[in-house]
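# Report on the structure
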Amino acid sequence: MANHKSAEKRVRQNIKRNEINRSSRSELRTSIKKLRAAVTANDKNASTALLNPTVSLIDKAVSKGIIHKNTAARYKSRLTKHVSELA
């Protein structure tokens with residue numbers, strides 16, 4: 001347990017940041033799942049419409065430090081490849 005004022009503040013900050021990170025990660029995962037579901041259903045219009053917002057969320061997650069940049073590059077590459085195969 002934190003005994004100093006600065007340590008108590010740090011605990012509060014960590015809790016707050018953890019909730020923000022969890023929310024962002026959840027939003028990212030949901031978006032990726034929706035895009036993958038559209039690709040699996042061979043829905044070209046939905047897949048194309050979901051690709052840009054999903055890539056944007058991936059980039060934002062990298063800038064916030066939620067996922068690693070190489071992980072983001074892998075996600076973007078694979079999702080874009082699957083969407084382009086539908087065309």
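Before going into details, it helps to say that this report is about the structure given with it. (Residues numbered from 1 in each chain as written. Predicted model: local features only at pLDDT ≥ 70, side-chain atom pairs only at ≥ 80, totals over all residues. Heavy atoms only, no water.)

## Points about the packing of helix H1 (residues 5-40) against helix H3 (residues 69-86)
Stated formally: Here, axes are lines fitted to C-alpha atoms. For helices the fit covers the stretch in contact, and angles between N-to-C directions go from 0 to 180 degrees. In this text, helices come from DSSP runs of H or I with a minimum length of four residues, and strands from runs of E with a minimum of two, each type numbered from the N-terminal end. Under this scheme an angle from 65 to 115 degrees is roughly perpendicular, one under 35 degrees roughly parallel, and one over 145 degrees roughly antiparallel; angles in between are oblique. With the far helix as reference, a near helix turned anticlockwise by less than a right angle produces a left-handed crossing, and one turned clockwise produces a right-handed crossing. When checking whether two residues touch, look at their non-hydrogen atoms; a contact exists if any pair is within 4.5 Å.
As a packed pair, H1 and H3 sit with axes 10 Å apart at the nearest point and diverge in direction by 25°. Between H1 and H3, the angle falls in the class roughly parallel. Crossing handedness for the pair H1 and H3: left-handed. Between H1 and H3, the contacting residues are Ile32, Leu35, Arg36 and Val39 on the first element and Tyr75, Leu79, His82, Val83 and Leu86 on the second.

## Things to note about the environment of Pro53
The condition that has to hold: Accessible area is worked out with a 1.4 Å probe on protein chains only. A residue is then buried under 20% of its type maximum, exposed over 50%, and partly exposed in between.
Within the fold, Pro53 resides in helix H2 (residues 44-63). Its relative accessible area of 43% is what places Pro53 among the partly exposed residues. As a C-alpha pair, Pro53 and Gly65 span twelve residues in sequence and 18 Å in three-dimensional space.

## Observations concerning the nonpolar core
Operational definition: Each nonpolar core is a collection of buried residues, namely Ala, Val, Leu, Ile, Met, Phe, Trp, Tyr and Cys, held together in the definition by side-chain atoms within 4.5 Å.
Formed by 14 residues in total, the largest nonpolar core has its most connected members in Leu28, Leu35, Leu51, Ile58, Ile67 and Leu79. Counting residues per element, the ones that place at least two in this core are H1, H2 and H3. Among the elements that take part in this core, H2 stands out by supplying five residues, more than any other. Discounting chain neighbours no more than four positions away, the residues touching Leu35 are Ser47, Leu50, Leu51, Thr54, Leu79 and Val83.

## Looking at H1
Keep this limit in mind: Under the convention used throughout, the expected extent of a helix is 1.5 Å for every residue step, that is, one less than its residue count.
For H1, spanning 36 residues, the distance from its first C-alpha to its last is 52 Å, which sits close to the expected 52 Å at 1.5 Å a residue. Those residues of H1 that are buried lie in contact with H2 and H3. Downstream of H1 by a residue or two, Asn42 has a phi angle that is positive, lying close to 55°.

## A word on the pattern of salt bridges
Rules: Within this document, salt bridges are pairs made up of a side-chain nitrogen of Lys or Arg and a carboxyl oxygen of Asp or Glu, the two lying within 4 Å of each other.
For the coordinates displayed, the defined rule picks out one salt bridge. Across the salt bridge formed by Lys76 and Asp59, the nearest N and O atoms sit 2.7 Å from each other. With Lys76 in helix H3 and Asp59 in helix H2, this residue pair connects regions lying 17 residues apart in the sequence. Residue class for Lys76 comes out partly exposed when judged on its relative accessible area of 25%. Judged by its relative accessible area of 36%, Asp59 is partly exposed.

All we've got here are geometric facts, nothing functional implied.
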